[in-house]
Amino acid sequence: MGPPAERDEGWFTSLYAAEYAHIVRYGLRRLADGDAAAELAQEVFVVAWRRRVEVPDRSLPWLYGVARRLLANQWRTRRSAPDLLPISDVELARLAGSSGADAIVGVADLRAALATLGEMDQEILRLVGWEELTVSEAAKVLGCSRATAAVRLHRARRRLVEAMSDRPTQSRRRPVLVTIREDL
């Protein structure tokens, strides 16, 4: 039994045309270069073609989930942290199709604060903020319930605000031992 008639090459071509740029931008935010992001997008669409019967009508969250799992597999294979793409504010403004939120002054501060958060906090914030998914769609990407995703998002936003503030809250302060050297 093959795929439904509506999931033919025409369907795939329109899916590819509509979502390819979104998947490449998803990759750009997580990988070291444009070639790696384009390669990730190609792999995502290979999976989409093979599993076209499973692709929902609202396909973008499903495609993000595939991309996330492909990246996780690559990272596990390499057993090292992924290379992050350092994007300056100027480069960010030049990216094709970058959202208005990305072009705001202070992106460097946001990225620095985001880097201090755990991977799950970063991912839920990226999915909702940069990829512009709803909480329900982000939950599908992460493979959890909507309620769990909402709690993760709330906590991640709170941690991000803390990381961006000049004065961390009392719970974030830790005692520091300081040695004063007078010979300096």
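Rules used throughout
Residues numbered from 1 in each chain as written. Predicted model: local features only at pLDDT ≥ 70, side-chain atom pairs only at ≥ 80, totals over all residues. Heavy atoms only, no water. Axes fitted to C-alpha atoms, helices over the stretch in contact; angles between N-to-C directions. Helix = DSSP H or I, 4+ residues; strand = E, 2+ residues; numbered from the N terminus. Left-handed = near helix turned anticlockwise from the far one by under 90°. Contact = heavy atoms within 4.5 Å. Nonpolar A, V, L, I, M, F, W, Y, C, P; charged D, E, K, R; others polar. Buried < 20%, exposed > 50% of the residue type's maximum accessible area, 1.4 Å probe, protein only. Phe/Tyr/Trp six-rings, centres within 6.5 Å; stacked < 30°, edge-to-face > 60°. Lys NZ or Arg CZ within 6 Å of the ring centre and 35° of its normal.

Caption draft 1: Summary view of the packing of helix α1 (residues 9-28) against helix α2 (residues 34-50). Across the interface, α1 lies against α2 with an axial gap of 9 Å and an inter-helix angle of 145°. Every pair of crossing elements has a handedness; the one defined by α1 and α2 is right-handed. Here Glu9, Trp11, Phe12, Leu15, Tyr16, Glu19, Tyr20, Ile23, Val24, Tyr26, Gly27 and Leu28 of α1 come into contact with α2, specifically with Gly34, Ala37, Ala38, Leu40, Ala41, Gln42, Val44, Phe45, Ala48 and Trp49. A per-class count over the contact of α1 with α2 returns 17 nonpolar, 3 polar and 2 charged.

Caption draft 2: Representation of unusual backbone geometry within the structure. Its identity as a non-glycine residue notwithstanding, Glu132 has a phi of 60°, on the positive side. Of note, Glu132 is situated in the loop between α6 (119-130) and α7 (135-142). With relative accessibility at 53%, the residue Glu132 sits in the exposed group.

Caption draft 3: Highlighting the packing of aromatic side chains. Tallying each qualifying case throughout the model produces 8 aromatic pairs. With a centroid separation of 6.2 Å and 80° between ring planes, the pair formed by Phe12 and Phe45 is classed as edge-to-face. Residue Phe12 is located in helix α1, and its partner Phe45 is located in helix α2; the two are separated by 33 residues in the primary sequence. Take Phe12 and Phe45: they sit in the same class, and that class is buried. One aromatic cluster in this structure is built from Trp11, Phe12, Tyr16, Tyr20, Phe45 and Trp49. Sitting over the face of the ring of Tyr26, Arg30 holds its NZ or CZ atom 3.7 Å from the ring centroid. Across the ring face of Trp49, the terminal group of Arg52 is positioned such that the distance to the ring centre comes to 3.8 Å.

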